[in-house]
Amino acid sequence: MTLPKRGAGRPTTYRPEALQLAERGAMLVEIAAELGCTDRTVSRWRLKYAEFGDALDKGRDRRAAERLAEALEARRRDAETKAKAKAASDAALREAALALQEMLKDIPVGIGKASRHGTSEPSVLPVRRPRDFDGQPTFHNFDGEPVPFDDPLADW
């Protein structure tokens with residue numbers, strides 16, 4: 001009685017196209033879908049055929065390098081966009097400051113000068129000074145003279 005030869009089973013389904021797909025960077029599931037087999041079969045090919053496993057590793061490294069290059073490019077574009085936005089913001093701020101400077105040139109400065117409305121009465125500004133003896137804050141004009149303070153809540 002003769003025994004059957006070991007390893008004489010079903011022929012392999014491995015095809016050279018799998019190697020080409022792996023070298024281009026295709027993943028196991030993509031190769032399986034392309035060749036019409038399962039990803040488990042492709043995983044077995046990886047273990048059985050060394051050149052196929054090496055091609056899968058090189059393809060994986062290529063994909064990782066491409067993703068890294070894309071991420072770096074996206075980061076560069078983002079930095080450029082932020083730099084342009086900052087430059088535009090700085091320009092707008094400078095323009096607003098210059099406009100404010102021009103507006104302030106028209107306002108008279110000093111005590112007793114005529115106001116923009118043509119009157120020569122000094123403006124009244126609150127000055128932080130000790131309160132009067134009655135507890136009310138004291139307001140003084142530019143000449144240092146006290147100005148009466150009308151408290152709207154005094155009649156309540």
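Here the residue index of a chain counts from 1 through its sequence in written order. Local features in this predicted model are restricted to residues of pLDDT 70 or higher, and side-chain atom pairs are both shown and tallied only at a pLDDT of 80 or more, whereas totals for entire chains, interfaces and linings draw on every residue. Water and hydrogen atoms play no part in the side-chain values, which are based on all heavy atoms of the structure.

When helices and strands are counted, the protein shows four helices and three strands. Each helix corresponds to a stretch of at least 4 residues labelled H or I by DSSP, and each strand to a stretch of at least 2 residues labelled E; elements are numbered beginning at the N terminus. Reading the protein from its N end, one meets helices and strands in the order α-α-α-α-β-β-β. The buried label goes to any residue with under 20% of its type's maximum accessible area, the exposed label to any with over 50%, and the partly exposed label to all in between, with areas taken from a 1.4 Å probe on protein chains only. Relative to its full complement of 156 residues, the protein shows a buried share of 15%. In this analysis, two residues are considered to be in contact whenever any of their non-hydrogen atoms come within 4.5 Å of each other. A separation threshold of at least 6 residues defines the contact pool for the protein, and within that pool the share at least 24 residues apart is 34%. Shrake-Rupley sampling with a 1.4 Å probe provides the accessible areas, and residues are treated as covered by the protein chains on show and by no other component. Surface accessibility of the protein: about 13400 Å² in total, with carbon and sulfur atoms responsible for 57%.

A separate point is the confidence of the model for the protein. Confidence of the predictor at the level of single residues is given by pLDDT, which spans 0 to 100. Mean pLDDT for the protein: 78, with 67% of residues reaching 70 or above. Helix H3 (residues 39-48) holds the highest mean pLDDT among the elements of the protein, 92, whereas strand E1 (residues 124-126) holds the lowest, 53.

For the rest of this paragraph, the subject is helix H4 (residues 50-105). For H4, which comprises 56 residues, the first-to-last C-alpha distance of 82 Å matches the rise-based estimate of 82 Å (1.5 Å per residue) to within 8%. Elements in contact with the buried residues of H4: helix H1 (16-24), helix H2 (28-35) and H3. Every helix has an expected span of 1.5 Å times one less than the residues it contains.

Attention now moves to the pattern of salt bridges. Salt bridges are defined as contacts in which a side-chain nitrogen from Lys or Arg sits within 4 Å of a carboxyl oxygen from Asp or Glu. Tallying each qualifying case throughout the model produces nine salt bridges. The partner of Asp-57 in a salt bridge is Arg-46, with the nearest N and O atoms 2.5 Å apart. With Asp-57 in helix H4 and Arg-46 in helix H3, the pair connects residues that are 11 residues apart, well separated along the chain. Classification of Asp-57 by relative accessible area gives partly exposed; the value is 26%. Taking the shortest distance from any N to any O, the salt bridge between Glu-80 and Arg-76 comes out at 2.4 Å. A residue pair is termed a helical-turn pair when its members lie 3 or 4 positions apart in one helix, as Glu-80 and Arg-76 do in helix H4 at four residues.

Looking now at the packing of H1 against H2. Orientation is described by axes fitted as lines to C-alpha atoms, over the contacting stretch for helices, and by angles from 0 to 180 degrees between their N-to-C directions. Relative to each other, H1 and H2 sit at 140°, their axes nearing to 10 Å. Our pair here, H1 against H2, has a crossing hand that is right-handed. Of H2, the residues touching H1 (which contributes Glu-17, Ala-18, Leu-21 and Ala-22) are Ile-31, Glu-34 and Leu-35. When its residues are assigned to classes, the contact of H1 with H2 shows five nonpolar, no polar and two charged. Working rule for handedness: look at the near helix, and if it is turned counterclockwise from the far one by less than a right angle, call the crossing left-handed; if clockwise, right-handed. Residues were grouped as follows: Ala, Val, Leu, Ile, Met, Phe, Trp, Tyr, Cys and Pro as nonpolar; Asp, Glu, Lys and Arg as charged; and all remaining residues, including Gly, as polar.

Right, let's talk about the environment of Thr-13 for a bit. Positionally, Thr-13 belongs in the segment before H1. For the pair Thr-13 and Cys-37, spaced 24 residues apart in sequence, the C-alpha to C-alpha distance is 8.7 Å. Look past the residues within four positions of Thr-13 in its chain and what remains in contact with it is Thr-41 and Trp-45.

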